[in-house]
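Now for the letters of each chain:
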Amino acid sequence: MARWSWFGKGRWQAYSEATSRILEDAHQEGHSSVRISLKHDDYNVDLQTMQQASATQPSKSRSVRREDTEVSSQASTSGRSSFTLSNLTRSLSEASLDWAQRPCCTVASGDEKLSVQRQFSDKWDKNTGPLPNIGQIYKIHVIASVEERFRRCCEEIGDVPVFGHGESPGNQQRRFHGTRQTCNFNGHPCDSGDCPACSILHTGFSVDFIGSTSGNRGYYGAGIYLTSWSSTARGYGGSENVIIVTQVAAGMVEVVRQRTTAAIPEGCHSRVANKSSGKDELMVPLPAQCLPLFLIIF
Ligand SMILES: [Zn+2]
């Protein structure tokens, strides 16, 4: 029988055998959702989005996964066992990266715009104000070495559990990064050293920016900060604010609720802070974990 688990407290936790049976039966019969009773509450499990939501507090949802027992034993021998953050850092520093190229931006296609606009409006908290008008959305074409280091990073992380809309390998998630753009951007990244957005377009994310220009103060440790909330990312950078939609190799995630600058635990690749406000921050320690996808200008 397949193995069913839910994600909580930073790790995948197995359902009881009885609950797993209910989930598996519903899955086999092709139902789109199923109701289960756990210790404290009844839950609705959406078998299409693989989310479990409390019947009394539907906004509190958790990721659910189903593994074919055969596949999961394969995954643990191929990728995860040998992986550590220090191995990844070493492997990437050995990669020869050619920076002598120029990035470019093109106006996003209709489908790309629609997908970015949808994510932006779905994750806009209306309590912070009305949905802002988007001026333009550009597709970012990074230089080959930035793309290459991201691809390698995902492969190094391997087939770890994926949550939400994530993709394998590397548990890739699409997140918002709010920053400043000080130039009059018209599709060509400027060469000014103090235009944070264009610096990201040129050479990808860099640890040089942490704390100084991205607007974050590193409450959850040293790294690059992203969020699933467009309204949070829109808060950074004042009138010069732009948002870089970024593909992030989140890997194994440590989940925290309090501020901490401690190192991410061995075996984890990123830290998610679920704040009391209901908002979140995703912190990744390595620039290679981020691939800039789109630039949103207001
Ligand atoms: Zn610029």
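Residues numbered from 1 in each chain as written. Predicted model: local features only at pLDDT ≥ 70, side-chain atom pairs only at ≥ 80, totals over all residues. Heavy atoms only, no water.

Per an unreviewed UniProt entry, the recorded name for the protein is WWE domain-containing protein, and the organism is Effrenium voratum.

Some remarks on the pattern of salt bridges
Selection criterion: Put simply, a salt bridge is a Lys or Arg side-chain nitrogen that is within 4 Å of an Asp or Glu carboxyl oxygen. Only DSSP runs of H or I reaching four residues or more are called helices, and only runs of E reaching two or more are called strands; each is numbered from the N terminus. Residue exposure (1.4 Å probe, protein chains only): buried if accessible area is under 20% of the type maximum, exposed if over 50%, otherwise partly exposed.
One pass over the full model with this rule turns up 9 salt bridges. A salt bridge links Glu24 to Arg66, with the nearest nitrogen and oxygen atoms 3.0 Å apart. Taken together, the residues span a long stretch of sequence, with Glu24 in helix α1 (residues 17-28) and Arg66 in strand β6 (residues 61-67) at a distance of 42 residues. Residue Arg66 is classed as partly exposed on the basis of its relative accessible area of 24%. One salt bridge connects Arg180 with Glu240, and the closest N-O pair in it is separated by 3.1 Å. Highlighted residues: Arg180 in strand β9 (residues 172-180) and Glu240 in the loop between α7 (230-233) and β11 (241-249), separated in sequence by 60 residues.

Some thoughts on a positive patch on the surface
Just so we agree on the cut-off: Residues with no salt bridge and a relative accessible area higher than 30% make up the patches, which join like charges within 9 Å and nonpolar side chains (Val, Leu, Ile, Met, Phe, Trp, Tyr) within 5 Å. Note on areas: Shrake-Rupley, 1.4 Å probe, and residue coverage restricted to the protein chains presented here. The positive count covers Lys and Arg only, the negative count covers Asp and Glu only, and His and the chain ends enter neither. Just so you know, the charge point we use is NZ for Lys, CZ for Arg, CG for Asp and CD for Glu.
On the surface, Lys9, Lys39, Lys60, Arg62 and Arg257 cluster together into a patch of positive charge. Take Lys60: it is sitting in the loop between β5 (51-54) and β6. Under the relative-accessibility criterion, Lys60 is labelled exposed at 53%.

Details of the coordination of the zinc ion
Selection criterion: Water is absent from the atoms considered, so a metal site may look incomplete; donors are defined as N, O and S atoms within 2.8 Å of the metal, or 3.2 Å for Na, K and Ca. Here a site with four donors is tetrahedral if all angles are between 85 and 135 degrees, and a site with four or six donors is square planar or octahedral if opposite donors are over 155 degrees apart and the other angles are between 65 and 115; anything else gets the irregular label.
In this structure, Cys183 (SG), Cys190 (SG), Cys195 (SG) and Cys198 (SG) serve as the protein donors to the zinc ion, at separations of 2.2 to 2.3 Å. Geometry at the zinc ion is tetrahedral, judged from the 4 donor atoms that bind it and their angles of 108 to 114° at the metal. Mapped onto the sequence, the donors of the zinc ion take the spacing C-x6-C-x4-C-x2-C. Of this pair, Cys183 sits in the loop between β9 and α6 (196-203) while Cys198 sits in helix α6, placing them 15 residues apart in sequence. For Cys183, a relative accessible area of 23% translates into the label partly exposed.

Let's talk about the sheet that holds strand β13 (residues 270-274)
Heads up, the rule is: Should DSSP find at least two bridges between two strands, the strands are regarded as paired. Working convention: axes come from line fits to C-alpha atoms, limited for helices to the stretch in contact. Angles between N-to-C directions cover 0 to 180 degrees.
Pairing is mixed across the open sheet formed by 4 strands, whose spatial order is β10-β14-β13-β12. The strands lining the two open edges of the sheet, one partner per strand, are β10 (224-226) and β12 (253-256). Taking each pair of neighbouring strands and ignoring which way they run, the sheet shows an average axis angle of 25°. Note that β12 and β13 share 4 bridges and pair parallel. Residue pairing across strands places Val255 opposite Val272, the latter belonging to β13.

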